[in-house]
Amino acid sequence: MELSCSSRVPLSAVTYARYLSDTMHRSNLTARVGDQVDVDVLYQAIEDFVEQAERYEEQRDKTFGKKTRNEMKRRRLNDQMMQLERSFTYPPGLPDRPSNRHLLFAPSLLDSYSGAVFPGIFDTLALVQEDPSYWPEVRKQVTLATWVTHSATRALSEDTFP
């Protein structure tokens, strides 16, 4: 109800981005993949996302804090926030779970009670322990995670909705 009644989409891009960054840094992904997968590009994409989210929120706070009402600018900023969420969806879905299309937050295959950040990466990493033939899927999931993170960064860019 709050979403439909608010002039400002009640979500925070900075909270989203920092949660992603903190969780990924605690995951120890670099050590877990070793030299099998290059995850530096993913970590750089996450860092860029955090920086862009901070710039976006600063602009958003200025716009919504003004007494004057620039409805088109407010609409653009709200549309960007909605696009941010859409950026993390992938139509084919997660491996073995085509109905789970959100690549950032979804239940893990190993623990359906708790959500996971980039479950496609961490679920396939768990499978690699039993069967090394899953390494190409791990690489694919890291690539997808990098791609959707870049998409989220672009969604918050001022160039997205001129």
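Reference entry: report on the structure contained in this document. The shown structure was predicted, so the numbers you read here are calculated from the model rather than taken from an experiment.

Observations concerning the overall build of the chain
Okay, so step 1: Within the chain one finds seven helices and two strands.
Okay, so step 2: Start at the N end of the chain and walk to the C end: the helices and strands fall as α-α-α-α-α-β-β-α-α.
Okay, so step 3: Reported as C-alpha extents along the three principal axes, the dimensions of the chain are approximately 60 × 30 × 25 Å.
Okay, so step 4: Expressed as a percentage of its 162 residues, the buried residues of the chain come to 45%.
Okay, so step 5: When contacts within the chain are restricted to residue pairs at least 6 apart in sequence, those whose partners lie at least 24 apart make up 60%.
Okay, so step 6: Taken as a whole, the chain presents about 9,400 Å² of accessible surface, with 52% of it coming from carbon and sulfur.
Okay, so step 7: If the 20 positive side-chain charges of the chain are averaged to one point and the 23 negative ones to another, these points end up 10 Å apart.

Considering the packing of aromatic side chains
Okay, so step 1: Inspection of the entire model under this criterion finds four aromatic pairs.
Okay, so step 2: Look at Tyr16 and Phe105: their rings are 5.6 Å apart centre to centre, the planes differ by 70°, and that puts the pair in the edge-to-face class. Note that Tyr16 is positioned in helix H2 (residues 13-26) and Phe105 in strand S1 (residues 105-107), a separation of 89 residues in sequence.
Okay, so step 3: Taking the relative accessible area as the measure of exposure, Tyr16 reaches 16% and is therefore buried.
Okay, so step 4: Seen from their ring centres, Tyr19 and Phe105 are 5.8 Å apart, and the 45° between their planes marks the pair as tilted. Taken together, the residues Tyr19 in helix H2 and Phe105 in strand S1 connect sequence positions 86 residues apart.
Okay, so step 5: In this structure an aromatic cluster arises from ring pairing among Tyr16, Tyr19, Phe49, Phe88 and Phe105.

Section: the packing of H2 against helix H4 (residues 40-65)
Okay, so step 1: Contact geometry for H2 and H4: axes closest at 8 Å, N-to-C directions at 155°. Accordingly, the angle class assigned to the pair H2 and H4 is roughly antiparallel. The hand of the H2/H4 crossing is left-handed. Residues Ala13, Val14, Tyr16, Ala17, Arg18, Leu20, Ser21, Met24 and His25 of H2 touch H4, and the partners they reach there are Leu42, Tyr43, Ile46, Phe49, Val50, Ala53, Glu54, Tyr56 and Glu57.
Okay, so step 2: Here the residues of the contact of H2 with H4 sort into 13 nonpolar, two polar and three charged.

Topic: the nonpolar core
Okay, so step 1: Of all hydrophobic cores here, the largest spans 42 residues; its most connected members are Met24, Leu29, Leu42, Phe49, Phe118 and Ile121.
Okay, so step 2: Within the residue set of this core, elements represented by two or more residues are H2, helix H3 (29-33), H4, helix H5 (71-87), helix H6 (119-130) and helix H7 (135-155).
Okay, so step 3: With near-sequence residues (within four places) excluded, Phe49 lies in contact with Tyr16, Ala17, Leu20, Leu84, Phe88, Thr149, Ala152, Thr153 and Leu156.

Structural notes on H6
Okay, so step 1: With 12 residues, H6 should cover 16 Å at 1.5 Å per step; its first-to-last C-alpha distance of 17 Å lies within 8% of that length.
Okay, so step 2: Among the residues of H6, Pro119, Gly120, Ile121, Phe122, Asp123, Thr124, Leu125 and Val128 are the ones counted as buried.

The rules behind each value
- Residues numbered from 1 in each chain as written.
- Predicted model: local features only at pLDDT ≥ 70, side-chain atom pairs only at ≥ 80, totals over all residues.
- Heavy atoms only, no water.
- Helix = DSSP H or I, 4+ residues; strand = E, 2+ residues; numbered from the N terminus.
- Buried < 20%, exposed > 50% of the residue type's maximum accessible area, 1.4 Å probe, protein only.
- Contact = heavy atoms within 4.5 Å.
- Areas by Shrake-Rupley, 256 points an atom, 1.4 Å probe, with all protein chains shown as cover.
- Lys, Arg positive; Asp, Glu negative; His and termini not counted.
- Charge placed at Lys NZ, Arg CZ, Asp CG, Glu CD.
- Phe/Tyr/Trp six-rings, centres within 6.5 Å; stacked < 30°, edge-to-face > 60°.
- Axes fitted to C-alpha atoms, helices over the stretch in contact; angles between N-to-C directions.
- Parallel < 35°, antiparallel > 145°, perpendicular 65-115°, else oblique.
- Left-handed = near helix turned anticlockwise from the far one by under 90°.
- Nonpolar A, V, L, I, M, F, W, Y, C, P; charged D, E, K, R; others polar.
- Core = buried A, V, L, I, M, F, W, Y, C linked by side-chain atoms within 4.5 Å.
- Expected span 1.5 Å × (residues − 1).

Any functional reading would require information beyond the geometric quantities listed.
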